[in-house]
Amino acid sequence: MVRWLRAAVAPLALIGLVALAGLALGRIYADALLAQLVAGAAIGSVGVSVAVRRLPSWTVAPLSVLALAGYAVWAVRLAAAHAALTDPLPTVLTDALTNGIPRLLTAMIPVEPTPDTVIVPVVAAWLAGLAGAELALRTGRVLLGCLPPVLLYAGALYVVGPNESAVGRPTLVFAGLVVVALAATARPDAAAVPGSATSDAAPVAPDAGLPAGTRAAVRGRALLGLAAGLAVLVGMVALVGPWVSDKVSATPADPRRYVQPPQVDSLDESPLNRISGWALDPGQRLLEVSPDPTVTGSPPAPRPSTATPADDGTSGPETDGSGGPDGDAGPGKGAGGQRRPVRLRLAVLPDFDGVTWRVGATYRNAGRVLPTQAASPGAEVREVRQEIRVEGLTGRLLPAVPTPATVSGARVAFDPATGTLIRPEGLSPGLRYSVTSQVQLPDLNLLPTADTPAGDAVARYLAVGAAAPPEIQRLADQLADGNGAAYDRAVAIEDFLAEHYRQVPDAPSGHAYPNLSFFLFGPRDRGGQVGTSEQFAASFALLARLTGLPSRVVVGFDAPAQGGTVTAGDAIAWPEILFDDLGWVPFNPLPKSRQPPRPVEEDFTPKPPTTPPSTSDAPTPSDSPTASATPTAPAADPHRGVSAPVVAGGAGGTVLLVLMAAAATVAGLRRAQRKRRLTRGGPAERITGAWYEVTDALRLAGRPVPGHLSAAEVARFAAGADEPPPPGRLRRAAPPPRAGQAGPDPLPPLDDLVAGVNSLLFAPGAADRQQALRAGDQAVAYAAALRAHRPWWRRVWWSLHPGPLRWHRRRAGPAPAAGSRAPDRAQKTPTPTG
């Protein structure tokens, strides 16, 4: 009996070691299913090795693999039923085996036990148990057999990373099991082998029968070796101990940072751009929403607030569809008892760089149960359930009532910071899913006295990219003047936009600085001061940030409260402001009535500067050589007897010297200017200088670049700089080539320069030194080739022309401005001047 117990110690210890690895990994899972499956894999793998220990060793691996296949299929089926997956088992199994590792490392914590998040731990546990059992039981090397479970345990801790606290007790139990397994198998006697004929024999000392002298020598060498080993161990502890102690308190690395999580595609990176396209086709069917079970009865009345709903003609936080400030879901009625639409949130756009509002979310694969969002103090939480079927909506973003708590029917990825969903595989017609959301309804009575947070935590919600246009900054300052409270500033911006601008479905898309400037200040007879909800929401969010209010833009749909079809005409964008203890509160800057908008007051219209030009803009002697060429000749003294030819010769010589000095000065300044542009500053400044060299060369050649061209169009324009000028401008044609002589060489390309210029605005900081060198080389080569195609007198005047010294004097910033000095814009936008 005793020998059977001793023989069972090693297998049981191996099973415990593997099961402990599953227990350590299961801490980041939503329930105990993974730990149970790993424990089953430990029992199965070690049990197979024990059962076939009398068979040849080469038969163990095939039999164990067959058992593993059966257990894996059963585990996947169990996990699929646990996650309520309805796909066929072969499809689920294939998907789990194909995507198990990346989904495990990109899954949101707590991880739901689904087939693709349990298959890898189960297989790894089985293989560790198989390897450990074969090494410990068949070869008798118990310490070596503990190595696979140790590696499995270390891998589990690495996957958990910093997402859980230190695992102390399981680690001590793990080490204790290793000690027990070694102690139980330490004696190499026959008692460890059941059925042995000598199992009852007394143990015999290994040095029995040796002479006393030899026995003493052997024992002395053993003691010496033991002392040496102990010294080495103490030295390693002294050397490695401090490093290990530092690592104990250090934060472990997270392997998820090495794996790219699910991403939105280019279509969904800024869904605000899709508002105008949806507005032009309002009848397009996008979604089908089932009736909300929570609004079938008599809905509760909205909570009292100093801010009234947006549809009664007054200002305040938007409450469509909820009776609460989130304005996104929940029961509520509009004027006349008519139910307000339920608002579905598609995307949250917190990042603005002066050109585009972007999603900027980090999505993690999630199961049916999503992380719970903390409720604001005193907020009422209401549960909303909906079933949604996708019809014509494309992309990956998945609309839902905020904030979703559970999702079934579709595999999703979730961003806890924004509470939005995506389907990594993309949307397809017929996709049906159910969402249960927790809608927070904070007390709006707290808004007038609520403040907004500040500091690094909200820095991204206050960033405006490049410097805002002066006229927009001036408008923001005037709206904030006299409105010290955060809520008062928000209402002032909302009222101004709602009263002075008109919403139309056919306004051009765009929310970059030029688009918003034209929307706010453009002449109405040229299409200004009208826009879709895109321009209203983007303008509100920008003005809010300029007045110190953390803001963001949200895109979504107004779904019928009783259920039905959601069309493209239901798409809407709205802004939100972050308040302390209240969270994100939406506002409605859209016009509240169909009355014609009030004209923009003269105080808010940008005025031309009235200050006189600075003295730095006045012509200098080097800018205008002719001004220095007319000095006053000294009056001839008749009593000195100096003749008129002498006086004329002296004056002419003086004029000639002044002209030569001015020419030399201009030529030197031009050379210094080129060197400064192409060699000083960072890559952005040097690419900008190369751009100025090209535009100056075209202007010197009599072909100034039109102000409406983008960078790529300027490059094409520059390639034809030797073509005849437009009608109305005369230029002497170059003489035709002689017989047998080739025509002028084509002008060098400017592709590297255009790429560098575009990167300055669309990827700030991405330009490097090599890109700046290539841009400068192309600019110099192009200017030299263009100059070589001019007549000789034009080539001389090219080097002496003072214009380039003053053409860009007023230019500010590291990147070129608009038109002929601008990079390629993402879209052309009309300006207030047409």
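Residues numbered from 1 in each chain as written. Predicted model: local features only at pLDDT ≥ 70, side-chain atom pairs only at ≥ 80, totals over all residues. Heavy atoms only, no water.

Colleague: Help me out: how do you make sense of the overall build of the chain in this one?
Modeller: When helices and strands are tallied, the chain shows 22 helices and 17 strands. For the chain, the computed accessible surface area is about 41,100 Å², with 61% contributed by carbon and sulfur atoms. (Helix = DSSP H or I, 4+ residues; strand = E, 2+ residues; numbered from the N terminus. Areas by Shrake-Rupley, 256 points an atom, 1.4 Å probe, with all protein chains shown as cover.)

Colleague: Honestly, the pairing of strand β1 (residues 285-289) in this entry has me stumped. Any pointers?
Modeller: For a regular strand, side-chain orientation follows a simple rule: the groups alternate between the two sheet faces. Burial analysis of β1 places four of its five residues in the buried class, the great majority of the element. Of the pairings in the sheet, the one linking β1 to strand β15 (residues 564-567) comprises four bridges and is antiparallel in character. If you follow glutamate 288 over to β15, its bridge partner there is threonine 565. The pairing of β1 with strand β6 (residues 380-390) spans three bridges and is antiparallel. When the bridges of β6 are listed, valine 289 appears paired with isoleucine 388. (Buried < 20%, exposed > 50% of the residue type's maximum accessible area, 1.4 Å probe, protein only. Pairing = 2+ DSSP bridges.)

Colleague: Help me out: how do you make sense of the packing of aromatic side chains in this one?
Modeller: Counted according to the given criterion, the structure contains 13 aromatic pairs. Ring centres 5.7 Å apart and planes at 40° place the aromatic pair tyrosine 71 and tryptophan 74 in the tilted group. Taken together, the residues span about one helical turn, with tyrosine 71 and tryptophan 74 both in helix α3 (residues 60-82) at a distance of three residues. An angle of 55° between the planes, with centres 5.4 Å apart, marks the rings of tryptophan 278 and phenylalanine 557 as tilted. Note that tryptophan 278 is positioned in helix α11 (residues 274-280) and phenylalanine 557 in strand β14 (residues 551-559), a separation of 279 residues in sequence. Relative accessible area serves as the criterion here: at 0%, phenylalanine 557 is assigned to the buried category. Between the NZ or CZ atom of arginine 343 and the centre of the ring of tryptophan 574, over which it lies, the distance is 4.5 Å. (Phe/Tyr/Trp six-rings, centres within 6.5 Å; stacked < 30°, edge-to-face > 60°. Lys NZ or Arg CZ within 6 Å of the ring centre and 35° of its normal.)

Colleague: Would you mind showing me how to read the sheet that holds strand β11 (residues 432-441) here?
Modeller: Working definition: the strands of a sheet are paired by backbone hydrogen bonds and lie parallel or antiparallel to each other. Taken together, the five strands give an open sheet; going across it, the order is β8-β11-β6-β1-β15, and neighbouring strands pair in antiparallel fashion. If you trace the sheet from one side to the other, it starts and ends with β8 (404-408) and β15, each paired once. When strand polarity is set aside, the average angle formed by the axes of neighbouring strands in this sheet is 30°. Where β6 lies against β11, 10 bridges are found, and the strand directions are antiparallel. Residue pairing across strands places arginine 389 opposite arginine 432, the latter belonging to β11. (Axes fitted to C-alpha atoms, helices over the stretch in contact; angles between N-to-C directions.)

Colleague: I'm lost on the pattern of salt bridges in this one. Help?
Modeller: Here the idea is simple: oppositely charged side chains can pair when their charged atoms come close. Enumeration over the complete set of coordinates arrives at 22 salt bridges. Salt-bridge contacts for arginine 674 lead to glutamate 693; the nearest nitrogen and oxygen are separated by 3.1 Å. In this pair, arginine 674 is assigned in helix α17 (residues 644-679) and glutamate 693 in helix α18 (residues 683-700), connecting sequence segments 19 residues apart. Judged by its relative accessible area of 32%, arginine 674 falls in the partly exposed class. Judged by its relative accessible area of 9%, glutamate 693 is buried. Each of Asp95, Arg103, Asp116, Arg411 and Glu425 takes part in one network of salt bridges that share partners. (Salt bridge = Lys/Arg side-chain N within 4 Å of Asp/Glu carboxyl O.)

Colleague: Would you explain the nonpolar core in this entry?
Modeller: Formed by 92 residues in total, the largest nonpolar core has its most connected members in Leu272, Trp278, Leu287, Leu393, Phe557, Phe579 and Phe587. Ranked by the residues each element gives to this core, the list is headed by helix α15 (residues 533-546), at nine residues. (Core = buried A, V, L, I, M, F, W, Y, C linked by side-chain atoms within 4.5 Å.)

Colleague: Explanation requested: the confidence of the model for the chain in the structure shown.
Modeller: It should be kept in mind that the predicted coordinates are not to be read in detail where pLDDT is low. Averaged over the chain, the pLDDT score is 79; the fraction of residues at 70 or greater is 78%. Counting contacts from residues 295-315, a segment whose pLDDT is below 50, to residues more than four positions away or on other chains yields 48 contacts. Between residues 319-337, whose pLDDT stays under 50, and residues either more than four places distant or in other chains, the model counts 72 contacts. (pLDDT = per-residue confidence, 0-100. Contact = heavy atoms within 4.5 Å.)

Colleague: Sorry, what's going on with the sheet that holds strand β2 (residues 342-349) here?
Modeller: If you walk across this open sheet you meet the four strands as β2-β14-β16-β17, and the pairing is antiparallel. What marks the edges here is a single partner per strand, and that holds for β2 and β17 (583-586). Neighbour-to-neighbour, the strand axes of the sheet open up by a mean angle of 40°, direction not taken into account. Sheet strands in contact with α15 are β14 and β16 (571-579), and its direction is about 15° off that of β16.

Colleague: What's the story with the environment of glutamate 499 in this structure? I'm lost.
Modeller: When you line up the elements, glutamate 499 lands in helix α13 (residues 486-500). Residue class for glutamate 499 comes out partly exposed when judged on its relative accessible area of 34%. Distance in space between the C-alpha atoms of glutamate 499 and leucine 590 is 8.6 Å, their sequence separation being 91 residues.

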